Amino acid sequence: MEEQNNKARVGIRGIAGLLGSRLVNAITMPDTEDLSLEVGVVIPDKSLETFLNRGNLIRGFSERLPVKMFMQSNKSSTRENELLKEWNAKQDVVSFLGSSQLNWKRHCDVIIDTAYPAGREIFEQQYKNFPGIILLQDGAAPDGHLIVPPFMGKFEKTTMFRMGDCILSGVIPILYPFRDMAEKIKLHMITQYTGREPDYLIAERAQSFFLREDVRERVEKDLELLFPLQEIEISQVVQIPSILHYQATIEIELKETISNGDLREMISEMPRIKMLPQGISSTYDVNLARSMKDSIPPIMIFQSSLYPKPRQKSTKVRISAAIYYRTAAVLPNLDAIRILKGGMDPLSAMRETDRLMGF
């Protein structure tokens with residue numbers, strides 16, 4: 001890890017969105033000494049209004065914002081000046097600069113772009129010449145080298161990486177211990193609905209589920225990249241509105257038998273994972289716990305559902321997990337910075353992120 005006086009300087013494009021806001025909270029945790037949040041880029045839209053309204057409600061909100069905040073406009077510089085004047089006059093949470101004044105190379109070592117590919121033409125040339133690390137998110141596919149810590153893959157002379165989505169970020173820490181033992185991996189997912197909702201969410205829509213063949217195919221393709229020697233099957237991805245946790249059922253066929261005790265030990269040693277007590281079989285208990293304290297790892301394994309059962313051995317493994325998607329896709333960005341910029345071992349980087357998050 002680099003010394004405190006040589007922190008990784010981070011910039012976030014799309015900082016007013018949900019992912020951007022969550023990244024701010026994670027990067028600016030009080031005990032974080034290896035990262036500094038230097039730049040934030042916003043787009044003048046509805047998410048920015050929500051972002052600023054939230055700033056008026058939360059004490060110390062401005063203190064955790066980047067050193068410099070820039071507003072991006074797709075219009076001319078004249079339009080940019082008008083936007084700056086308008087937005088700086090109607091609120092006192094942030095004083096914005098124009099994105100035409102932003103030089104990524106001067107201010108940052110790492111760029112986290114949560115909006116890419118939207119508006120990429122604004123910074124395209126700067127990105128090409130940027131000597132640091134650029135972390136894109138899942139929506140940027142196929143651009144960027146796919147990484148899902150602790151899987152980093154082989155790459156040469158690239159500065160642009162693409163983080164896995166919530167599904168991959170949630171299941172890879174579970175699958176990683178079996179990377180050399182597995183012959184076949186089968187996955188079934190229930191996730192939060194990610195499609196666009198109309199202005200009015202009626203009961204009939206809220207109580208529906210959606211089969212997402214497009215998501216199933218994308219996850220299957222990405223898992224095949226990460227596990228090239230295994231047979232991969234994503235049986236289904238089902239999405240429903242208004243859930244806090246994704247649900248994953250993972251079935252693994254192994255080359256050799258494994259006991260329940262060894263299975264629990266292998267999973268429990270992984271960062272980002274908590275083994276739930278035998279008595280918990282619902283996320284209701286987890287939701288109540290999170291409402292009181294949010295220092296719970298995002299990946300929770302239902303111990304009661306593990307197969308093989310206690311005092312049994314088998315070549316077949318079944319794991320049921322709840323994945324808290326609000327942080328599952330956020331924290332790998334911090335892991336990636338610590339690995340790529342700080343030179344940390346991937347598992348050590350994940351454990352450091354967990355420690356700072358209070359897990």
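Not measured: the values here are computed from a predicted model. (Residues numbered from 1 in each chain as written. Predicted model: local features only at pLDDT ≥ 70, side-chain atom pairs only at ≥ 80, totals over all residues. Heavy atoms only, no water.)

Novice: How would you summarise the packing of aromatic side chains if you had to cite specific residues and measurements?
Specialist: Applying the stated rule across the entire model yields nine aromatic pairs. Centre to centre, the rings of Trp104 and Phe123 are 5.5 Å apart; their planes meet at 75°, and the pair counts as edge-to-face. Linking Trp104 in helix α4 (residues 104-107) with Phe123 in helix α5 (residues 120-129), this pair joins segments that are 19 residues apart in sequence. With relative accessibility at 0%, the residue Trp104 sits in the buried group. Overall, Phe123 belongs to the buried group, its relative accessible area being 2%. An aromatic cluster is defined as three or more aromatic residues linked by ring pairs; in this entry it consists of Trp104, Phe123 and Tyr127. Its end group placed over the ring of Trp87, Lys90 keeps NZ or CZ at 3.7 Å from the ring centre. Sitting over the ring of Tyr324, Arg290 keeps its end group 3.8 Å from the ring centre. (Phe/Tyr/Trp six-rings, centres within 6.5 Å; stacked < 30°, edge-to-face > 60°. Helix = DSSP H or I, 4+ residues; strand = E, 2+ residues; numbered from the N terminus. Buried < 20%, exposed > 50% of the residue type's maximum accessible area, 1.4 Å probe, protein only. Lys NZ or Arg CZ within 6 Å of the ring centre and 35° of its normal.)

Novice: Requested: an account of the sheet that holds strand β4 (residues 96-98), with residues and values cited.
Specialist: Judged by pairing direction, the sheet is parallel, and its eight strands sit side by side in the order β4-β3-β2-β1-β5-β6-β8-β7 without closing on themselves. Bordering the open sheet on either side are β4 and β7 (145-147), each of which pairs with just one other strand. Within this sheet the neighbouring strands show an average axis-to-axis angle of 30°, counted without direction. Sheet strands touched by helix α1 (residues 18-27): β1 (8-13), β2 (35-42) and β5 (110-113). Its angle to β1, the strand with the most contacts, is close to 160°. Against the sheet, α5 touches β1, β5, β6 (133-136) and β8 (160-163), its axis set at about 155° to β1. (Pairing = 2+ DSSP bridges. Axes fitted to C-alpha atoms, helices over the stretch in contact; angles between N-to-C directions. Contact = heavy atoms within 4.5 Å.)

Novice: Help me get a handle on the sheet that holds strand β11 (residues 231-240), residues and values and all.
Specialist: Here seven strands make up an open sheet; going across it, the order is β10-β11-β9-β12-β15-β14-β13 and the pairing mixed. Where the open sheet ends on each side, the last strands, each with one partner, are β10 (210-211) and β13 (273-276). Of the pairings in the sheet, the one linking strand β12 (residues 245-259) to strand β15 (residues 313-324) comprises eleven bridges and is antiparallel in character. By the bridge assignment for β15, Ile258 is matched with Ser314. In the packing of helix α6 (residues 166-175) onto the sheet, contacts are made with β9 (182-192), β11, β12, β13, β14 (299-302) and β15, and the angle to β12 comes to roughly 30°. On the sheet, helix α10 (residues 283-292) packs against β12, β13, β14 and β15 and is oriented at approximately 120° with respect to β12.

Novice: Summarise the packing of α6 against helix α8 (residues 213-226); cite the residues concerned and give the values.
Specialist: Relative orientation of the contacting elements α6 and α8 amounts to 40°, with a least axis distance of 11 Å. The orientation of α6 with respect to α8, classified from their angle, is oblique. Judged by the twist between their axes, the crossing of α6 over α8 is right-handed. Residues Ile167, Leu168, Ile172 and Leu175 of α6 lie in contact with α8, whose contacting residues are Val215, Val219, Asp222, Leu223 and Leu226. (Parallel < 35°, antiparallel > 145°, perpendicular 65-115°, else oblique. Left-handed = near helix turned anticlockwise from the far one by under 90°.)

Novice: Lay out the environment of Ile111 in plain terms, naming residues and giving numbers.
Specialist: Relative to the assigned elements, Ile111 resides in strand β5. Here Ile111 falls in the buried class, since its relative accessible area comes to 0%. Ignoring sequence-local partners within four residues, the contact set of Ile111 consists of Gly11, Trp104, Tyr127, Phe130, Ile133, Ile134 and Leu135.

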